[in-house]
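A look at the structure
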2 protein chains.
Amino acid sequence: MTRETPSAPLLRADSADPATTIPDRSEIGGFALHHQLSDDTLEMGRLALSRLLLMNDATYPWLILVPERPAVREIFELQPADRLLLMEEVALVSRALDEIFEPDKLNVAAIGNVVPQLHVHIVARFRSDPVWPAPVWGRTPPYPYTVLAAEKIRGQLRERLSEALVDNR
Amino acid sequence: MTRETPSAPLLRADSADPATTIPDRSEIGGFALHHQLSDDTLEMGRLALSRLLLMNDATYPWLILVPERPAVREIFELQPADRLLLMEEVALVSRALDEIFEPDKLNVAAIGNVVPQLHVHIVARFRSDPVWPAPVWGRTPPYPYTVLAAEKIRGQLRERLSEALVDNR
């Protein structure tokens, strides 16, 4: 991976533009993405239940699903139908990551000790990655994506998840 | 928690006794619990899909679900019906842990970088625990349960999960 000047802020500004972001969050029952998740990630799209985010850390292919439900911290607090939807979205996104990156293992986790909004990490792990076999959380400082690299992943995800993605426009 | 002499080996020998353990593993399609999971845990029972294990580490209330399906490493490799069952078992066991221990947060994770058999950790976390807010994996040496402490948890789980537990006898 080339180490170009990080240009994620450009993407950030773009995705925070009211004209291109999700227009009306009140439509989804008062859900608003926690600021820490917003700060640490790049938005890749929306699925039926969850916001799909790319952790802005090029060290690992690392996606995050955030069910668009207000005031939920734990999986068991989701309504049963939402839980099943979450499982299907986890499987769908896991399979996409697996196909795109061909990792040695996927790590799927709802931790949330720091950010009090339910979110599920899906991380593609390689025996050659910096902290294998340890979990990734809190181990290495984030290495922000270049616009080019982030757009490439967005394209790969859109190709594989097109039927499941809700159009934001 | 009192720090008595660890007596988990007694429980171990007991649960490994062919007369009291699951009689015929071939009945469940060739599934056999990975030796590392067997070594590190105490069996608490079986649910419709998963073996329910208690991590033999009294530092955290820490359960593990292992879907009784052979040769599965990733959630997305499970059949769709099994995935939904797994989600329901995760929710059920999470709620039981939450009621019994009243933790500050639950951590739910399928990591599996070391043990190549799909297993889902459900860990009750407290702000006062030794590594909060970091994840628990690989942080502190395991502190084995006494027989008394493990039996107490088994009783609490059986009380809350009785309808979901498959009788092993």
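Let us look at the structure shown here. Values in this document were obtained by computation on a predicted structure and should not be read as measured data.

Some points on empty space enclosed by the protein
A full pass over the atoms with the stated rule returns three cavities of 30 Å³ or more. In this structure, the largest cavity encloses a volume near 160 Å³. Lining the largest cavity are 16 residues; nearest its centre among them are A:Ile75, A:Met87, A:Val108, B:Ile75 and B:Val108. Contributing elements (two or more residues each) for the lining of the largest cavity: α3 (80-101) and β4 (105-110) of chain A together with α3 (80-101) and β4 (105-110) of chain B.

A short note on the interface of chain B and chain A
In this complex, chain B contributes 31 residues to the contact, which on the side of chain A involves 31 residues. Summed over both sides, the interface of chain B with chain A buries roughly 3,100 Å², with 57% coming from carbon and sulfur. Of all residues in chain B, B:Phe76, B:Met87 and B:Asn113 bury the most surface against chain A, accounting for 23% of the area lost on that side. For the interface between chain B and chain A, the tally reads four salt bridges.

Notes on the environment of A:Asp104
With respect to the secondary-structure elements, A:Asp104 resides in the loop between α3 and β4. Classification of A:Asp104 by relative accessible area gives partly exposed; the value is 32%. A:Asp104 sits 22 residues away from A:Phe126 along the chain, and the two C-alpha atoms are 5.0 Å apart. If we skip the residues at most four places from it in the chain, A:Asp104 touches A:Arg125, A:Phe126, A:Arg127, A:Trp132 and B:Arg73. A distance of 2.8 Å separates a polar side-chain atom of A:Asp104 from the backbone nitrogen of A:Arg127.

Cut-offs applied
Position labels on residues start from 1 in each chain and follow its written sequence. Following the order in which they are written, the chains are lettered starting with A and the ligands numbered starting with 1. The predicted origin of the model limits local features to residues at a pLDDT of at least 70 and limits the giving and counting of side-chain atom pairs to 80 or more, whereas totals for whole chains, interfaces and linings rest on all residues. Side-chain measures were taken over the full set of non-hydrogen atoms in the model, leaving aside hydrogen atoms and water. A cavity here means a set of points on a 1 Å grid, drawn over the protein atoms and nothing else, where a 1.4 Å probe fits but cannot get out; a pocket is an open set with protein on both sides within 12 Å along at least five of seven lines, and a residue lines either one if it has an atom within 4 Å of a point. Grid points are joined across faces, edges and corners, and a volume is the space filled by probe spheres set on the points. The numbering of helices and of strands both runs from the N terminus, where a helix is a DSSP run of H or I of at least 4 residues and a strand a run of E of at least 2. In this analysis, two residues are considered to be in contact whenever any of their non-hydrogen atoms come within 4.5 Å of each other. Buried area is a sum: the accessible area each of two parts loses on coming together, probed at 1.4 Å, counted once for each and added. The salt bridge definition used is simple: a Lys or Arg side-chain nitrogen within 4 Å of an Asp or Glu carboxyl oxygen. Buried, partly exposed and exposed residues are distinguished by accessible area as a fraction of the type maximum, computed with a 1.4 Å probe on protein chains only: under 20%, between the cut-offs, and over 50%, respectively. As used in this structure description, the phrase polar contact means that two N or O atoms lie within 3.5 Å; if the pair is within protein, one of them must be able to donate a hydrogen and the other to accept it, and residues adjacent in sequence are counted only when both atoms belong to side chains.

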